[in-house]
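Below are the chains, spelled out letter by letter.
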Amino acid sequence: MKKRIVFLGTPDFAVPSLEALVAVGEYEIVAVVSQPDRAKDRKGRLLPTPVRACAEKLSLPLFQFERLKKEGVAPLRELNPDLMITAAYGQLLSQEILDIAPVLNVHASLLPAYRGAAPVQWAIIQGEQISGVSIMQTELGLDTGAVMHSKSVEIGESETYGELLTRLSVIGAEELIVALRAYFGGEATFVPQDDEKSSYFPLLNKADAAIDFSLPARQIFNLVRGTNPWPCAYALYQDQPFKVWRAELCEGSGTPAQILRADEKSGLIVACGEGALRLTEVQLPGGKRMKDTDLLRGRKIVQGDLRSAR
RNA sequence: CGCGGGGUAGAGCAGUUGGUAGCUCGUCGGGCUCAUAACCCGGAGGUCAUGUGGUUCAAGUCCCUCCCCCGCAA
């Protein structure tokens, strides 16, 4: 008899886990729960959540509760699952939900570090060199449950949030399967988190991505990586948002935001509080992302054009 | 019908109050040089996104149509 599993997830990060659960063929996915569609395209039309799209592709029963705590209790209980799995679902569970069946969570950090909704972004912004995924117990507290399995992953020198997240989503799926076999095999051991060593980071917002050139180049470099592809670090160019998709550390010094070089050979190099940064891939409002050297072919950038966004 | 910017040579941009297009880079040829992402000379390359559209003596430049891209907001 296959174990009955309810899967709760919403964004791209959760998709590989759902696909893996189906692919191994050892479990019966009795329901997929996703947040209601909220993302809109430029014309305001709703777009399906990635998990919803995946569930439909795999012909799995789908629920999109506005409030899981209220509407979800009865339907899920009725399914009589053996286990529920959350992966970046986006809503907190209530005790009523937790009582339906044991719940495991896939989290993109090495808990207890980086609890919260944006662990990957913040790990990069903070300059971490190691990240990972944790398979743990979902409980009322946010990412506080006992950990049963984890895997550490090295963060690449210039790896971006998007790139790392994609990697971790796949690794998370692999580790989830490993963890489930142990769990159903009765070999799982849950280790409580050491709250003393825990750290929590909130959801990233637009303001967090504002570049402050008075900070060390290294920090700005990490900010650029950690906010790519969203919300994308930005400075101001002639008082308009100036997105910086990619940058690299380089030699040089000067007063913050001073333009050290701006030619087609060297690229666009800006002085930071400490060291300098070359803004290798940028974007102006209304324009596409382009290399700094391409930008400089059509536009001149003089002292004062570029400023911190905060 | 959420607000707004843009679609002009391979790339990035200009094109003033409308008069059939320029700049930088790249590219091709030649020259100079021990040499060069250097420099000099010359050339190619655009039906100015779409419309057998409207206004006009005349439209890249004004109006309308339509497709696409992007910023903001969500």
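Thresholds, definitions, all that
- Residues numbered from 1 in each chain as written.
- Chains lettered and ligands numbered in written order.
- Predicted model: local features only at pLDDT ≥ 70, side-chain atom pairs only at ≥ 80, totals over all residues.
- Heavy atoms only, no water.
- Helix = DSSP H or I, 4+ residues; strand = E, 2+ residues; numbered from the N terminus.
- Buried < 20%, exposed > 50% of the residue type's maximum accessible area, 1.4 Å probe, protein only.
- Polar contact = N/O pair within 3.5 Å; in protein donor to acceptor, adjacent residues only side chain to side chain.
- Contact = heavy atoms within 4.5 Å.
- Patch = residues over 30% accessible without salt bridge, like charges linked within 9 Å, V, L, I, M, F, W, Y side chains within 5 Å.
- Areas by Shrake-Rupley, 256 points an atom, 1.4 Å probe, with all protein chains shown as cover.
- Salt bridge = Lys/Arg side-chain N within 4 Å of Asp/Glu carboxyl O.
- Pairing = 2+ DSSP bridges.
- Axes fitted to C-alpha atoms, helices over the stretch in contact; angles between N-to-C directions.
- Core = buried A, V, L, I, M, F, W, Y, C linked by side-chain atoms within 4.5 Å.
- Near = heavy atom within 4 Å.
- Nonpolar A, V, L, I, M, F, W, Y, C, P; charged D, E, K, R; others polar.

Novice: Break down the side chain of E159 for me, citing the residues and quoting the values.
Specialist: Locating E159 in the fold gives a position in the loop between β7 (147-154) and α6 (161-184). With a relative accessible area of 9%, E159 lands in the buried category. Within the local environment of E159, its side chain forms a polar contact with the side chain of R167, the two groups lying 2.8 Å apart. The residues touching E159, leaving out its near neighbours within four places in the chain, are I124, E154, L164, R167 and R225.

Novice: Kindly report on the environment of V282, identifying the contributing residues and their values.
Specialist: Along the chain, V282 turns up in strand β12 (residues 276-283). With 89 residues separating them in the primary sequence, V282 and Q193 have C-alpha atoms 41 Å apart. Sequence-distant contacts of V282, that is, excluding residues within four places in its chain, are made with F242, K243, W245, K288, R289, M290 and L295.

Novice: Got a sec to walk through a nonpolar patch on the surface? Specific residues and values, please.
Specialist: A contiguous nonpolar patch, built from L92, L142 and Y200 and spanning about 290 Å² of accessible area, is present on the exposed surface. The residue L92 is located in the loop between β4 (83-87) and α4 (95-98) in this model. Assessed through its relative accessible area of 45%, L92 is described here as partly exposed.

Novice: Summarise the sheet that holds strand β5 (residues 103-107); cite the residues concerned and give the values.
Specialist: Ordered in space as β3-β2-β1-β4-β5-β6-β7, the 7 strands form an open sheet in which the pairing is mixed. Unpaired on one side and paired on the other, β3 (62-63) and β7 mark the two borders of the sheet. Direction of pairing for strand β1 (residues 3-9) relative to β4: parallel, over a ladder of 5 bridges. Considered in β4, the bridge of G9 is made with A87. The strands that α6 touches are β1, β2 (27-33), β4, β5, β6 (130-137) and β7; relative to β7, the one it contacts most, it runs at about 150 degrees.

Novice: Summarise the pattern of salt bridges; cite the residues concerned and give the values.
Specialist: Taken as a whole, this structure holds 15 salt bridges when the rule is applied. One salt bridge in this structure joins D37 and R52, with 2.4 Å as the shortest N-O distance. With a gap of 15 residues between them, D37 in the loop between β2 and α2 (50-57) and R52 in helix α2 connect regions that are remote in the sequence. The class for R52 is partly exposed, based on a relative accessible area of 24%. R246 is the salt-bridge partner of E163, the closest N and O atoms lying 2.8 Å from each other. Here R246 lies in strand β9 (residues 240-250) and E163 lies in helix α6, a separation of 83 residues in the sequence. Overall, the relative accessible area of 30% leaves R246 in the partly exposed class. Bridged by salt links that share partners, the residues E163, R246, E281 and R289 form one connected network.

Novice: Can you break down the nonpolar core residue by residue, with the values?
Specialist: In terms of nonpolar packing, the biggest core is built from 38 residues, with F7, L18, L21, V32, I85, L168 and L180 touching the most fellow members. Not counting residues up to four positions away in its chain, the partners in contact with L180 are I5, L21, Y27, L83, I85 and L104. Ranked by size, the runner-up nonpolar core spans 33 residues in total, among them Y114, L204, I220 and V270.

Novice: Talk me through helix α1 (residues 15-23); I want residue IDs and the actual numbers.
Specialist: Within the sequence span of α1, burial applies to V15, P16, S17, L18, A20 and L21. Summarising the contacts, the buried residues of α1 are in contact with β1, β2, α2, β4, β5 and α6.

Novice: Tell me about the protein's contact with RNA strand B, and please be specific about residues and values.
Specialist: Close to RNA strand B lie 18 residues; K206, E264, D294, R297 and G298 are nearest. Ranked by residue count, the leading element in the surface near RNA strand B is helix α8 (residues 292-298), at 4 residues. When grouped by side-chain class, the residues that make up the surface near RNA strand B number 3 nonpolar, 4 polar and 11 charged.

Novice: Lay out the pairing of strand β8 (residues 234-237) in plain terms, naming residues and giving numbers.
Specialist: It is a general feature of regular strands that their side chains alternate between the two faces of the sheet. Side chains Y234 and L236 project from β8 onto one buried face, and the interleaved A235 and Y237 project onto a second face that is buried too. Here 4 bridges tie β8 to β9, and the two strands are oriented antiparallel to one another. Within β9, the position partnered with Y237 by the bridge is Q240. Following β8, the chain reverses through 2 residues before pairing antiparallel with β9; Q238 in that reversal takes a positive phi of roughly 50 degrees. Sheet topology places β8 next to strand β14 (residues 306-307); 2 bridges connect them, and they run antiparallel. Residue Y237 lies in a different strand from β14, and its bridge partner there is L306.

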